[in-house]
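Close look at the chain arrangement
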Amino acid sequence: MRKDVRILLVGEPKVGKTSLIMSLVSEEFPQVVPYRAEEITIPADVTPERVPTHIVDYSGTVTANVICIVYAVNNKKVPVILVGNKSDLVEHSSMETILPVMNQYTEIETCVECSAKNLKNISELFYYAQKAVLHPTGPLYCPEEKQ
Ligand code: GTP
Ligand code: MG
């Protein structure tokens, strides 16, 4: 059993990474956010899986123009969750477009549409992230490390 889970949010500038974290913490949409939220730790007893969970923000605006996600070709175990934020701004779901992408890349554990503004699927998103670590599926599973 893992003793904790670390979740890093990466993505293009202004997609709402910091807002998602602040919405989770304050349970309301923050009108003003810093570029980067301080690292937060959610205590074990308020997480669904009862594991302390650290959430780390990344700012595309202050840090970089390109994001390199680095893995070792012999041991690629970090699950990826595709998070479609700002769902309040559209009428139609992007799931139809996203599902083929998800099926093509096995490292994508799941995808979720959410809105930091409407507080939609915020706790779910962090729960999926926790679950992806604690109960990995498919090829992320290293056979020799099972159980
Ligand atoms: P960088 O730190 O610059 O990389 O951006 P970020 O991804 O942290 O985005 P940030 O949280 O700063 O949000 C960018 C803008 O999008 C802000 O004006 C937010 O108010 C707005 N925003 C964030 N989430 C949502 C959302 O769910 N819906 C809507 N309508 N606006 C949002
Ligand atoms: Mg930010």
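The paragraphs below set out a description of the structure included in this document. As the structure is a computational prediction, the values presented were derived from the model and not from experiment. (Residues numbered from 1 in each chain as written. Chains lettered and ligands numbered in written order. Predicted model: local features only at pLDDT ≥ 70, side-chain atom pairs only at ≥ 80, totals over all residues. Heavy atoms only, no water.)

Overview of the packing of aromatic side chains
Enumeration over the complete set of coordinates arrives at one aromatic pair. Seen in terms of ring centroids, Tyr127 and Tyr128 are 6.3 Å apart; in terms of plane orientation they differ by 35 degrees. Their pairing is tilted. When its relative accessible area of 28% is taken as the criterion, Tyr127 is described as partly exposed. Here Tyr128 falls in the partly exposed class, since its relative accessible area comes to 28%. (Phe/Tyr/Trp six-rings, centres within 6.5 Å; stacked < 30°, edge-to-face > 60°. Buried < 20%, exposed > 50% of the residue type's maximum accessible area, 1.4 Å probe, protein only.)

Notes on the sheet that holds strand 2 (residues 40-42)
A sheet is described by the order of its strands in space; here three strands give the open sequence 1-3-2, paired in mixed fashion. Each edge of the open sheet is held by one strand with a lone partner, namely strand 1 (5-8) and strand 2. The mean angle between the axes of side-by-side strands here comes to 25 degrees, regardless of whether they run parallel or antiparallel. Inspection of the sheet shows strand 1 paired to strand 3 (residues 53-56) by four bridges, in the parallel sense. Residue pairing across strands places Val5 opposite Thr53, the latter belonging to strand 3. (Pairing = 2+ DSSP bridges. Helix = DSSP H or I, 4+ residues; strand = E, 2+ residues; numbered from the N terminus. Axes fitted to C-alpha atoms, helices over the stretch in contact; angles between N-to-C directions.)

Re the pairing of strand 3
In strand 3, alternate side chains face the same way, and those of Thr53 and Ile55 on one face and His54 and Val56 on the other are all buried. Of the pairings in the sheet, the one linking strand 2 to strand 3 comprises three bridges and is antiparallel in character. Residue Thr41 lies in a different strand from strand 3, and its bridge partner there is His54.

So, to be careful, I would describe these as geometric facts and stop short of saying anything about function.
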